[in-house]
Amino acid sequence: MSYVLRTLTKKQEVDSVIRDTIDKVLVLRFGRASDTVCLLLDDFLAKSVREVSKFASVKLVDIDSEDIQVYVKYFDITLIPSTIFFFNAHHMKMDSGTADHTKWVGAFQQKQDFIDVVEAVFRGAMKGKLIVNCPLPPERIPKYQLLYKDV
């Protein structure tokens, strides 16, 4: 758990932070405070907060909270940590070469990777785009296998 970053545990908190973050990228990390990969990502996020503070705001969302399950289902968060980006209350998507463009699944390999991704989302959002290309090389993007039920 990061003490530098605010943790959201209620749906109303998530709603208001999405609605009230204007002209900045909102980064929501969905995960658990006890998960080691989440802790690694939280460390990168906490170290990067100062560098991205002019164009981004970073919050943590506890997926074990009952109130948050609406968002967990809506964004289909089955793998943690999952990082979702918003700009002016619009969900920003990223084409990172994976099957899911709606979120970043897994941890970033370096602090600079996170900064580059947030900057790419911000630049794309300022141009009016809702989906941006990932600035990272393919070898630094986490790979995972999607399993579809009843297909």
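Residues numbered from 1 in each chain as written. Predicted model: local features only at pLDDT ≥ 70, side-chain atom pairs only at ≥ 80, totals over all residues. Heavy atoms only, no water.

### Concerning the overall build of the chain
Here is step 1: Summing up its helical and strand segments, the chain has four helices and seven strands in all.
Here is step 2: On C-alpha atoms alone, the chain measures out to a radius of gyration of 14 Å, which is about the 15 Å that the 2.2 N^0.38 rule sets for 151 residues.
Here is step 3: In terms of principal-axis extent, the alpha carbons of the chain reach across some 35 × 35 × 30 Å.
Here is step 4: Counting across all 151 residues of the chain, residues that qualify as buried make up 45%.
Here is step 5: Long-range pairs, those at least 24 residues apart, make up 73% of the contacts in the chain with a sequence separation of at least 6.
Here is step 6: Accessible surface for the chain amounts to roughly 8,400 Å². Of this, 53% is attributable to carbon and sulfur atoms. (Helix = DSSP H or I, 4+ residues; strand = E, 2+ residues; numbered from the N terminus. Rg over C-alpha atoms; globule rule 2.2 N^0.38 Å. Buried < 20%, exposed > 50% of the residue type's maximum accessible area, 1.4 Å probe, protein only. Contact = heavy atoms within 4.5 Å. Areas by Shrake-Rupley, 256 points an atom, 1.4 Å probe, with all protein chains shown as cover.)

### Structural notes on the pairing of strand S5 (residues 90-95)
Here is step 1: As judged from the three bridges shared by strand S4 (residues 82-87) and S5, these two strands associate in the antiparallel manner. Paired with Phe-85 across the strands is Met-92, a residue of S5.
Here is step 2: The hairpin formed by S4 and S5 contains two residues between the paired strands, and Asn-88 there has a positive phi angle of roughly 50°.
Here is step 3: Pairing of S5 with strand S7 (residues 131-133) involves three bridges; the strand directions are parallel. Paired with Lys-93 across the bridge in S7 is Ile-131. (Pairing = 2+ DSSP bridges.)

### Observations concerning the pattern of salt bridges
Side-chain pairing between opposite charges can occur once the charged atoms of the two side chains come close.
Here is step 1: In the structure shown here, the tally under the stated rule is nine salt bridges.
Here is step 2: Here Lys-47 and Asp-43 are joined by a salt bridge, their closest N and O atoms 3.3 Å apart. Linking Lys-47 with Asp-43, this pair stays in helix H2 (residues 36-52), spanning four residues, or about one helical turn.
Here is step 3: Here Glu-119 and Arg-123 are joined by a salt bridge, their closest N and O atoms 2.6 Å apart. With a gap of four residues between them, Glu-119 and Arg-123 both fall in helix H4 (residues 111-126), about one helical turn apart. (Salt bridge = Lys/Arg side-chain N within 4 Å of Asp/Glu carboxyl O.)

### What to know about the state of the cysteines
Here is step 1: If you walk through the whole model with that rule in mind, you get zero disulfides.
Here is step 2: Between Cys-38, a free cysteine, and Cys-134, which holds the nearest cysteine sulfur, the sulfur-to-sulfur gap is 19 Å. (Disulfide = S-S within 2.5 Å.)

### Examining the packing of aromatic side chains
Here is step 1: Throughout the structure, instances matching the rule amount to eight aromatic pairs.
Here is step 2: Taken together, a centroid distance of 6.3 Å and an interplanar angle of 55° make the contact between Phe-30 and Phe-75 tilted. With a gap of 45 residues between them, Phe-30 in strand S2 (residues 25-31) and Phe-75 in the loop between helix H3 (69-74) and S4 connect regions that are remote in the sequence. Taken individually, Phe-30 and Phe-75 each receive the classification buried, so the pair is uniform in this respect.
Here is step 3: With a centroid separation of 5.0 Å and an interplanar angle of 80°, the aromatic rings of Tyr-74 and Phe-75 are classed as edge-to-face. (Phe/Tyr/Trp six-rings, centres within 6.5 Å; stacked < 30°, edge-to-face > 60°.)

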